[in-house]
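Residues per chain are reported as follows:
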Amino acid sequence: MKNDYHFAKQPFCHESEECGDTGVIIEYDEHLFLALVDALGHGTIAANIAQKALTYLEQSYRERPAVVLENLHEHLKGTRGSVAAVCSLNCITGSLSYSGIGNISIKRFGSNAESFVTRDGILGYMIPSPVEKTIKLYAGDILVMHSDGIKDHIDPTSFPNLLMGNAKNICSNVMTLLKKENDDASCIILRYDI
Ligand SMILES: [Mn+2]
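Anyway, here's the lowdown on the structure attached to this text. (Residues numbered from 1 in each chain as written. Predicted model: local features only at pLDDT ≥ 70, side-chain atom pairs only at ≥ 80, totals over all residues. Heavy atoms only, no water.)

### Notes on the pairing of strand β2 (residues 21–28)
1) Next: In terms of burial, β2 is largely enclosed, as six of its eight residues are buried.
2) Next: The pairing of β2 with strand β3 (residues 31–39) spans eight bridges and is classified as antiparallel. Each residue of the ladder has a partner; that of I25, found in β3, is L34.
3) Next: What sits between the antiparallel neighbours β2 and β3 is a turn of two residues, in which D29 has the positive phi angle 45°. (Buried < 20%, exposed > 50% of the residue type's maximum accessible area, 1.4 Å probe, protein only. Helix = DSSP H or I, 4+ residues; strand = E, 2+ residues; numbered from the N terminus. Pairing = 2+ DSSP bridges.)

Structure follows, in structure tokens:
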């Protein structure tokens, strides 16, 4: 088992500014927990919500994705709220469970190019019951999770080298080539291998 993953975030104005996007990747037993959060708005208030979410996620990585989102919703009540995507991967079998609330993307490239559907809502404010689905990743698949600060249409044919190289390279390509001008941006890349 050798997985390659990377997380990057960038505030929309200046490098030094606080970011309302955040993410975490935690490896445990034979599993990988990946979560991405985009707090509403930007600047200090959003960064504080993102930090609050991160603190929760760092303690909850063993839970199933839908449960994580339900609990994160409770945890963020009283704040402006956030959207989030959560994945849990069994690194041995390639079984990937995912759940998402709000405008945040989970995509797979490789054996099959597809975008996974998240449900509308704002964690901390109002959400439907999170739906959790499970798919299978195959060796060579690339999982891309990104906030809406990244252009939604990732077309590898317009950027032939976009998904080339290791996870860190891909993450850097996505942040450089697809970042929008007017929002915080974040991205998690996982290259699945067995
Ligand atoms: Mn955003």
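Still more to cover.
### Things to note about the packing of helix α1 (residues 43–57) against helix α2 (residues 65–75)
1) Next: Where α1 meets α2, the closest approach of the two axes is 10 Å, and the angle between their N-to-C directions is 135°. Classed by the angle they form, the pair α1 and α2 counts as oblique. The two elements α1 and α2 cross, and the hand of that crossing is right-handed. From α1, K52, A53, Y56 and L57 reach across to α2, where they touch V67, V68, N71, L72 and H75.
2) Next: In terms of residue class, the contact of α1 with α2 is made up of six nonpolar, two polar and one charged. (Axes fitted to C-alpha atoms, helices over the stretch in contact; angles between N-to-C directions. Parallel < 35°, antiparallel > 145°, perpendicular 65-115°, else oblique. Left-handed = near helix turned anticlockwise from the far one by under 90°. Contact = heavy atoms within 4.5 Å. Nonpolar A, V, L, I, M, F, W, Y, C, P; charged D, E, K, R; others polar.)

### Section: the nonpolar core
1) Next: Counting residues in hydrophobic clusters, the biggest one holds 21 residues, and the most contacted among them are V24, F33, L57, L72 and L123.
2) Next: Every element with two or more residues in this core is listed here: β2, β3, α1, α2 and β4 (82–90).
3) Next: By residue number, the principal contributor to this core is α1, which donates six residues.
4) Next: Not counting residues within four places of it along the chain, the set of residues in contact with F33 comprises V24, I25, I26, Y28, L57, Y61, V68, V86 and C87. (Core = buried A, V, L, I, M, F, W, Y, C linked by side-chain atoms within 4.5 Å.)

### Section: the pattern of salt bridges
1) Next: On inspection of all chains with the given rule, the structure shows six salt bridges.
2) Next: Notably, a salt bridge pairs K107 with D152, separated by 3.2 Å at the nearest N-O pair. With a gap of 45 residues between them, K107 in strand β6 (residues 104–109) and D152 in the loop between β9 (142–147) and α3 (167–178) connect regions that are remote in the sequence.
3) Next: The partner of E114 in a salt bridge is R108, with the nearest N and O atoms 2.8 Å apart.
4) Next: On the basis of relative accessible area, R108 is assigned to the buried category, the value being 5%. (Salt bridge = Lys/Arg side-chain N within 4 Å of Asp/Glu carboxyl O.)

### Some points on the sheet that holds strand β5 (residues 95–101)
The pairing of strands in a sheet comes from backbone hydrogen bonds and takes either a parallel or an antiparallel form.
1) Next: Read from one edge to the other, the open sheet built from five strands follows the order β2-β3-β4-β5-β8, with strand pairing classed as antiparallel. Of all the strands in the sheet, the pair left with one neighbour each is β2 and β8 (133–136). Each strand of the sheet is rotated relative to its neighbour by a mean of 15°, with strand direction disregarded.
2) Next: Two strands pair when backbone bridges link them, and β3 and β4 are joined in this way by nine bridges, in the antiparallel orientation. Bridge pairing in β4 places L34 opposite C87.
3) Next: On top of the sheet, α1 reaches β2 and β3; it is set at about 160° to β3, its chief contact.

### Comments concerning the sheet that holds strand β1 (residues 4–10)
1) Next: Spatially, β1-β10-β9-β6-β7 is the arrangement adopted by the five strands of the open sheet, whose pairing is antiparallel. The two strands at the open ends of the sheet, each matched to only one other strand, are β1 and β7 (114–116). Along the sheet, successive strands turn relative to each other by an average axial angle of 15°, direction set aside.

### Points about the coordination of the manganese ion
1) Next: Around the manganese ion, the protein contributes the donor atoms D38 (OD), D148 (OD) and D183 (OD), which lie 2.1 to 2.3 Å from the metal centre.
2) Next: Here the donor residues for the manganese ion map to a single chain with the spacing D-x109-D-x34-D. With D38 in strand β3 and D183 in the loop between α3 and β10 (185–191), the pair connects residues that are 145 residues apart, well separated along the chain. Per residue, the accessibility class of D38 equals that of D183, and both read buried. (Donors = N, O, S within 2.8 Å, 3.2 Å for Na, K, Ca; no water.)

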